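# Coordinate analysis (summary)
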Amino acid sequence: MPNSTPAGLLAAPSDSLPVPPASDRGVWSAERLDQPTLAAVRKRAAADVVRPWPVPLASAFARFRRDGDRTEYENAVWARDKRLSRAAVMAAVTLEPGWIDAVVDGVSLLCEQSTWCWPAHDDVFERGGMVPDIARPYLDLGAGEVAAQLAWIDHLLGAQLDERAPGLRARVRHEVDVRVLTPFVARRDWHWLGLHGDAHNWTAWIHGNLLVAGLVLMPEGEARDRLVGMAAEGVDRYVADIPPDGAIDEGAGYWWLGACRALEALDVLAHASGGALGGDLPNSLRETIAFPHRMHLGGDWHLNFADGQARTTAVQPWDALHRAARRAGDASAAAYAATHRRPGKPLARVDGGLGWFLRTLTDADWAAVGVSGAVGESEVAGDSEAVSAPLPRDVWLPSTQVFLARRATGSSHGLTLALKGGHNGENHNHNDVGTVVVALNGIPLIVDPGRPTYTAQTFGPDRYSIWTMQSSWHSVPEIRGTPQSAGAEFQARDVDTFAEDAAAGIALDLAAAYPRTDIISWRREARLDRATGQVTVDEAWELDAADDPEPTRVHLIVAGAVDLSEDQVVITALEGAGKARLRWDPATVPLTATVRELDDPYLTDIWGDRLTRLELDVTGLGPVGRLRWSLAAC
């Protein structure tokens, strides 16, 4: 797209967003909206008004530099934002002065907040400061989120705010301009711009929010056209970096914060331009609409890698995926999204942002999904019967070298095998080249732990001192006491896959993932036998001869109860999913177990109170050797 929108192409600010304002009572009267969703918002909003507004404190902001904590400040910021969003919805539904005043208060608090930037991102610390520098605002995810939230509120309740609090909307425009819009145009050194082929989720997320803010809060004219064009160009840069297979190297959880944001931004742009812009979906974007269901293991569980989580613990905007799938004509993606629509349950929560929530609440097609067994768009879903998750039998994403195989399409029964090759320089990277994940009846059994709560350490020079980021806590070998290293040069090589009716598998050489010169090869071949349901992994290595080398062990990270005996391990999966038996050959290879007690909520909410690392010590097999280990349901 051009870096300036053609003059006269964009709708007026009041008509730019694809949600009607509160003055449209045909949409916003309470009886026309989803009742479970409104009831949930009303209950939480009513609880809000008896408590003081959350206050992000300067001392909490400074904690990021003092002790690495970012959550105290961020939690206060997010609690304030969510409270404001709930008040805005209640004001739109009821038009009651009390709720409009609550919006006035929340908007005023945001305008008076010293920074909209989250402490982990602000460059003030690099310049020796410990509190926000209001003269030099930093444009990050947080600032973009607030700018868009204020734009959605202005669009939704502009007339009511003018009547109840004249002058507030002018204040909003001033604050958004000096904190977000002018810095975006004036500075072109933001790392998230994606100008050098390094686009990531920030690129789509921030540019999408800038698009919303510019469309609503800037007057018609050349400056608005230019900013919208620049924001649209940024979204294009993100889309251009999506590989042809649609894979997201940050993991399935980050699809919602990158690809989904891009899809939503293009949807807004198409609305604002009357379909002239943002309407065509390139093939890579069509492919990425399928990415979430390709990573689906069963229930709330997904194949995770990098900083992605294995279990969906937050309410995602499934309507956004459903809407994108309808737009792309992807029946499987639409069906997958539809499985997350629970008639009688709230459509969404405001946690994901006000814009997402407003779109969900006013999407009649999504509200109809699942009602009387329907899926909403029968021409996309294929019929009007209740849908189930597509669960493709085989998945191979060559750009990230992610492989998945299950026994049959549409079923999570038995064992599902997954393996990731790739390299150790990916976005949100963990050192995980060659890691194996095995699920039993849709529940991960051999697992990738994911990531703990973010701190200052997470994205700093000490990232790989965090145990979850290390290859030592992924299901890969540790060769002569050496784990894998970070960097794109540490990668899988000679990768081959096959998928047949009888079996599917992947083979790759892991030698280059390790910072050693004495590893000639380490060939890992993983296979799922569809008839027996057994997973078999063959490890074959050739190392230079060495006197008294450090131990070489094959690690397997296990969730669930572990029962060890001399020649086998029986693993009881989480959630009562069943049991599987691990055996290995030669049976003389000693096996030990290390228990990792968990106390971080980002891990305990998924895995419970512990993970177990099984360690097969193959040192005694010599510099040239083989090991076969297998899993079978029992």
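An account of the accompanying structure is given in this report. (Residues numbered from 1 in each chain as written. Predicted model: local features only at pLDDT ≥ 70, side-chain atom pairs only at ≥ 80, totals over all residues. Heavy atoms only, no water.)

What follows covers the nonpolar core. By size, the foremost hydrophobic cluster in this structure holds 195 residues, and its most contacted members are Val103, Val176, Trp607, Trp629 and Leu631. Here this core takes 12 residues from helix 6 (residues 141-164), the largest share from any one element. (Core = buried A, V, L, I, M, F, W, Y, C linked by side-chain atoms within 4.5 Å. Buried < 20%, exposed > 50% of the residue type's maximum accessible area, 1.4 Å probe, protein only. Helix = DSSP H or I, 4+ residues; strand = E, 2+ residues; numbered from the N terminus.)

Time to look at the pattern of salt bridges. Evaluation of the coordinates by the stated rule reveals 46 salt bridges. Note that glutamate 175 and arginine 179 form a salt bridge whose closest N and O atoms lie 2.9 Å from each other. With glutamate 175 and arginine 179 both in helix 7 (residues 168-186), this residue pair falls four residues apart, about one helical turn. A relative accessible area of 10% means that glutamate 175 is categorised as buried. Relative accessible area serves as the criterion here: at 11%, arginine 179 is assigned to the buried category. For arginine 323, the salt bridge identified is with aspartate 319, shortest N-O distance 3.1 Å. With a gap of four residues between them, arginine 323 and aspartate 319 both fall in helix 13 (residues 318-328), about one helical turn apart. Residues arginine 323 and aspartate 319 agree in their burial class; the two are buried. One network of salt bridges, in which partners are shared, links Glu264, Asp267, Asp319, Arg323, Arg326, Arg327, Arg359, Asp363 and Asp365. (Salt bridge = Lys/Arg side-chain N within 4 Å of Asp/Glu carboxyl O.)

Now for unusual backbone geometry. In the segment running from aspartate 585 into proline 586, the intervening peptide bond is cis, with an omega of 10°. Positive phi, normally seen in glycine, also occurs at histidine 428, with a value near 55°. Turning to its location among the elements, histidine 428 is positioned in the loop between strand 6 (423-424) and strand 7 (436-440). A positive phi is found at aspartate 548, a non-glycine position, where the angle reads about 50°. With respect to the element layout, aspartate 548 can be found in the loop between strand 14 (535-543) and strand 15 (553-558).

This paragraph deals with the pairing of strand 7. With five of its five residues buried, strand 7 lies for the most part within the structure. Neither face of strand 7 is open: one carries Val436, Val438 and Leu440, the other Val437 and Ala439, and all of them are buried. Bridge count between strand 7 and strand 8 (residues 443-446): three bridges; the pairing is antiparallel. In the sheet register, leucine 440 faces strand 8, and the bridge partner there is isoleucine 443. (Pairing = 2+ DSSP bridges.)

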